[in-house]
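Commentary on secondary and tertiary structure
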Amino acid sequence: MKNEQSYDLATGRGLVACPNCDALHVEEDLELGETARCIRCGTVLAKPREGAFAQLIALSFTSMVLLVGAVFFPFLQVSAMGFGNASSLFDVALAFADGVLLPLVIAVLAMIIGLPITRAFLLVYVLAPLAKGRAPYRHAARAFRWSEVMRPWSMAEIFVIGTAVALVKVAGLASVHLGPAFWAFCALIFVNIASKAFMCQTCIWDAIEDAGQATEFEPKQTRVKV
């Protein structure tokens, strides 16, 4: 965070708003290991850590690998009376490709696979040059903004919880064996928890801004005809 005593209430320059209670704070520089908290509700505003960018890149690559494996590896195997069938998410998508449920299948795959992979790719795009001390790539600020917009819509964890509830009901009718894809989703939950622990949005925004990229929307200029 920047050590500037001057701030502008009109544009918000030099100020940081708490994401929980919207309390405004003046930006200050933080050393590694220090934590800035909201004076009103105690929410962490910034917590720079050494090597956090590299750790986030590694976790993002891990997420992409787990998600790709979760699509093609068997998700579960159901067997009853000597008959069994193992299927993956890709097989389920192909099974409903010609039916009326195709839009629902596309929406589910987008929420649990497409958005998390896209968000992980955007984080790697933003953090890769910053972790090496180089200038960020073009449109890094926009890419990071989109990754934050996608974060609430990445529903891999919700999918695992819903699947676990459904398996409890199916277990009484048939023998259910969990496949590698299910455990990949479970591992993804812990990867997301670790990523959230290392994530410091304020530090990333400051790193992009210090490199010379604009991180704020410029106000539109209006011309008045005389």
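Preceding this paragraph is the structure being described.
This structure is a prediction, so every number in the text was calculated from the model and none was measured.

We now examine the layout of surface pockets. Roughly 390 Å³ of internal volume is contained in the second largest pocket. If you list the elements that add at least two residues to the lining of the second largest pocket, you get helix H2 (89-95), helix H3 (102-131) and helix H5 (156-170). A per-class count over the lining of the second largest pocket returns 15 nonpolar, four polar and no charged.

Before going further, it helps to spend a moment on the packing of H3 against helix H7 (residues 201-210). A packed helix pair is summarised by two numbers, namely the angle formed by the two axes and the spacing between the axes. Taken N-terminus to C-terminus, the directions of H3 and H7 make an angle of 65°; their axes are 11 Å apart at the nearest point. Judged by the inter-axis angle, H3 sits roughly perpendicular to H7. As H3 runs across H7, the sense of the crossing is left-handed. Residues Val126, Leu127 and Leu130 of H3 form the contact with H7, whose own contacting residues are Ile204, Ala207 and Ile208. Of the residues in the contact of H3 with H7, the class split is six nonpolar, no polar and no charged.

Moving on: the environment of Pro19. Topologically, Pro19 is positioned in the loop between strand S1 (15-17) and strand S2 (24-26). For Pro19, a relative accessible area of 67% puts it in the exposed group. When the C-alpha atoms of Pro19 and Thr43 are compared, they prove to be 7.9 Å apart, with 24 residues separating the residues in sequence. Ignoring sequence-local partners within four residues, the contact set of Pro19 consists of Thr43 and Leu45.

Note that Glu148 resides in helix H4 (residues 140-150). With residues up to four places along the chain from it excluded, the contact list for Glu148 reads Arg119 and Gln201.

Inspection of the secondary structure assignment puts Ser60 in helix H1 (residues 52-72). Reaching out from Ser60, the side chain makes a polar contact with the backbone oxygen of Leu56 at a distance of 2.8 Å. The residues touching Ser60, leaving out its near neighbours within four places in the chain, are Ala120, Leu123 and Val124.

Scanning all chains against the criterion turns up five aromatic pairs. Their ring planes at 80° and their centres at 5.8 Å tell us that Phe75 and Phe182 sit as a pair that is edge-to-face. Taken together, the positions of Phe75 in the loop between H1 and strand S5 (76-80) and Phe182 in helix H6 (residues 180-198) put the pair 107 residues apart, joining distant regions of the chain. A residue is classified by how much of its surface remains accessible, and Phe182, at 7% relative accessible area, is buried. Each ring, one from Phe75 and one from Phe185, has its centre 6.1 Å from the other, and the planes form 70°; the classification is edge-to-face. Taken as a pair, Phe75 in the loop between H1 and S5 and Phe185 in helix H6 lie far apart in primary sequence, 110 residues in all. You can call Phe75 buried: its relative accessible area is 6%. Connected via pairs of aromatic rings, a cluster forms that spans Phe75, Phe182, Trp183 and Phe185.

For His139, which is not glycine, the phi torsion reads 65° and is therefore positive. Following the sequence through the fold, His139 ends up in the loop between H3 and H4.

An ideal rise of 1.5 Å per residue puts 27 Å on 19 residues; H6 measures up with 27 Å between its terminal C-alpha atoms. Every buried residue belonging to H6 is among Ala181, Phe182, Ala184, Phe185, Cys186, Leu188, Val191 and Ser195, and all of these are buried. In this structure, the buried residues of H6 make contact with H1, H2, H3, H5 and strand S7 (175-178).

About the cut-offs
Residues numbered from 1 in each chain as written. Predicted model: local features only at pLDDT ≥ 70, side-chain atom pairs only at ≥ 80, totals over all residues. Heavy atoms only, no water. 1 Å grid on protein atoms, 1.4 Å probe; cavity = no way out; pocket = protein on both sides within 12 Å on 5 of 7 lines; lining within 4 Å. Points joined across faces, edges and corners; volume = space filled by probe spheres on them. Helix = DSSP H or I, 4+ residues; strand = E, 2+ residues; numbered from the N terminus. Nonpolar A, V, L, I, M, F, W, Y, C, P; charged D, E, K, R; others polar. Axes fitted to C-alpha atoms, helices over the stretch in contact; angles between N-to-C directions. Parallel < 35°, antiparallel > 145°, perpendicular 65-115°, else oblique. Left-handed = near helix turned anticlockwise from the far one by under 90°. Contact = heavy atoms within 4.5 Å. Buried < 20%, exposed > 50% of the residue type's maximum accessible area, 1.4 Å probe, protein only. Polar contact = N/O pair within 3.5 Å; in protein donor to acceptor, adjacent residues only side chain to side chain. Phe/Tyr/Trp six-rings, centres within 6.5 Å; stacked < 30°, edge-to-face > 60°. Expected span 1.5 Å × (residues − 1).

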